[in-house]
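# Analysis of the macromolecular model
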Amino acid sequence: MRSERPSKGKIIVFGILFWYPLAGVTYQFLHYLLGLRRLGYDPYYIEDSGRWVYNPQINDLSGDASENIKRVAPILEAFGFTERWAFRGHYPGGECYGMTEAQILKLYREADAFLNVTGAQEIREEHLACRRRIYVESDPVASQVRVAQGDKTMIDDLVAHDTHFSFGENLGASDCGVPIARFQWLPTRQPIVTELWDTSNHTPGIAYNTITTWDNKGGKDITYEGEIYYWRKAREFEKFIELPHQRPVSFEIAAAGVSENVRCVLHKHGWSQVDSMELSQDMNRYRSYIQRSRGEFTVAKDQYTRLLSGWFSDRSACYLAAGRPVITQETGFSKFLPTGRGLFAFNTMEDILAALDAIESDYEGNCLAAREIASEYFAAEKVIGSLMERAGL
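To keep things clear, this report deals only with the structure shown in the data block. (Residues numbered from 1 in each chain as written. Predicted model: local features only at pLDDT ≥ 70, side-chain atom pairs only at ≥ 80, totals over all residues. Heavy atoms only, no water.)

This part is about the pattern of salt bridges. Following the criterion strictly, the structure yields 32 salt bridges and no others. A salt bridge links Asp-357 to Arg-247, with the shortest nitrogen-to-oxygen separation between them at 2.9 Å. Here the residue Asp-357 occupies a position in helix α12 (residues 349-361), and Arg-247 occupies one in the loop between α6 (233-237) and β14 (250-256), the gap between them amounting to 110 residues. The class of Asp-357 is partly exposed, set by a relative accessible area of 38%. Look at Arg-247 and you get partly exposed, because its relative accessible area is 26%. Arg-306 is the partner of Asp-302 in a salt bridge, and the nearest nitrogen-oxygen pair spans 2.8 Å. Of the two residues, Asp-302 and Arg-306 are both situated in helix α10 (residues 302-306); the distance of 4 residues between them amounts to about one turn of the helix. Assessed through its relative accessible area of 2%, Asp-302 is described here as buried. Salt bridges linked by common partners bring Asp-48, Arg-51, Arg-88, Glu-101, Glu-122, Arg-124 and Glu-126 together as one network. (Salt bridge = Lys/Arg side-chain N within 4 Å of Asp/Glu carboxyl O. Helix = DSSP H or I, 4+ residues; strand = E, 2+ residues; numbered from the N terminus. Buried < 20%, exposed > 50% of the residue type's maximum accessible area, 1.4 Å probe, protein only.)

Interaxial distance between helix α9 (residues 283-291) and helix α11 (residues 314-321) falls to 9 Å at its minimum, and their mutual angle equals 65 degrees. For α9 against α11, the interelement crossing comes out right-handed. Residues Tyr-286, Tyr-289 and Ile-290 of α9 form the contact with α11, whose participating residues are Arg-315, Cys-318 and Tyr-319. Among the residues making up the contact of α9 with α11, the classes are represented as 5 nonpolar, no polar and 1 charged. (Axes fitted to C-alpha atoms, helices over the stretch in contact; angles between N-to-C directions. Left-handed = near helix turned anticlockwise from the far one by under 90°. Contact = heavy atoms within 4.5 Å. Nonpolar A, V, L, I, M, F, W, Y, C, P; charged D, E, K, R; others polar.)

The description of an aromatic ring pair uses the distance of the two centres, along with the angle that the planes make with each other. In total, this model carries 25 aromatic pairs according to the counting rule given. Between Tyr-20 and Tyr-54, the aromatic rings sit 5.2 Å apart at their centres with planes inclined by 40 degrees, giving tilted as the arrangement. Within this pair, whereas Tyr-20 is found in the loop between β1 (10-14) and α1 (23-38), its partner Tyr-54 is found in strand β3 (residues 53-55), the two being separated by 34 residues in sequence. Taken together, a centroid distance of 5.2 Å and an interplanar angle of 85 degrees make the contact between Phe-240 and Phe-346 edge-to-face. Taken together, the residues Phe-240 in the loop between α6 and β14 and Phe-346 in strand β18 (residues 343-346) connect sequence positions 106 residues apart. When its relative accessible area of 6% is taken as the criterion, Phe-240 is described as buried. A relative accessible area of 1% places Phe-346 in the buried class. Taken together, the aromatic side chains of Tyr-208, Trp-214, Phe-237, Phe-240, Phe-251, Trp-271, Phe-297 and Phe-346 make up a single cluster linked through ring pairs. (Phe/Tyr/Trp six-rings, centres within 6.5 Å; stacked < 30°, edge-to-face > 60°.)

As structure tokens, this is what we get:
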């Protein structure tokens, strides 16, 4: 599956593929790797962190990455990245897989740049040998607030990079409440290899669905200027819990972290619910769930919506690429993406119902519009090409 010989140099993609070996994350980084290769770069995938990995089998962190390697390495190699990936557990007892340590260190010296996608790779002295160091933030707000509050760890992490991109496309705008200090944030979004989501062999299902985590743990709520900004999807879904009773269409949530009590509440209000963790352990099943949906209905975290960050979900971009209409909570993204056909932003229940009526009145037209939005605004070659051009690469 290798294309012609690359001509634009070696690019490292840092990420969390092995750290969190679930399908949505796997697709997120595959899109970057494949997009870079199509543009003529020679991309490598590297994880070189001091963090233990998440093992889905035990639902906990572990210093033994071998099971995660078995899950992810065959996927990378099937897409032509044999000898172009590595995992080095930079912690006591951590092992190295794929490329050797010597090869990894040599790559740091030879590479033209690295893309630290999600900002997950902590930067150590050996990483500074790389000539260009690009930070690609998928979750805005927290880092900007921490910088504004003088968080030295966050500031030092960002200073180690020379260019900073964010999925928060509205950062710095007059209507955006996210504080901007010290760093220039350039807008970007999730690249999508659209043909991976082809639906020519899939009939749309009956339910609008989404894939999410119901109750995010980990203390990611943020306090800024006396206000708490929340990181829980459940808090937003609960505002629209009556939705299935408003229109004669089906709604389903594929969610992890759903207690039996919450499941009963969802069912009482007409929602179906399946386990997203089980779904996400197989790439084909995850993709098929999206391809066989009727569309996506989802919410965004309070941090993104109240501050109008302009964030847009990488998963929603996959729904669009699959030709499935998306109804999602407004974060300010409608300033940058076309809405009203194929893609709909909402603030209120009335907005949601109007979107459903518009889709159902011309379902095929909205599916076509969704696919067109993905091709025009999320195609990997366009998104990554713009990012690399603005980074001077």
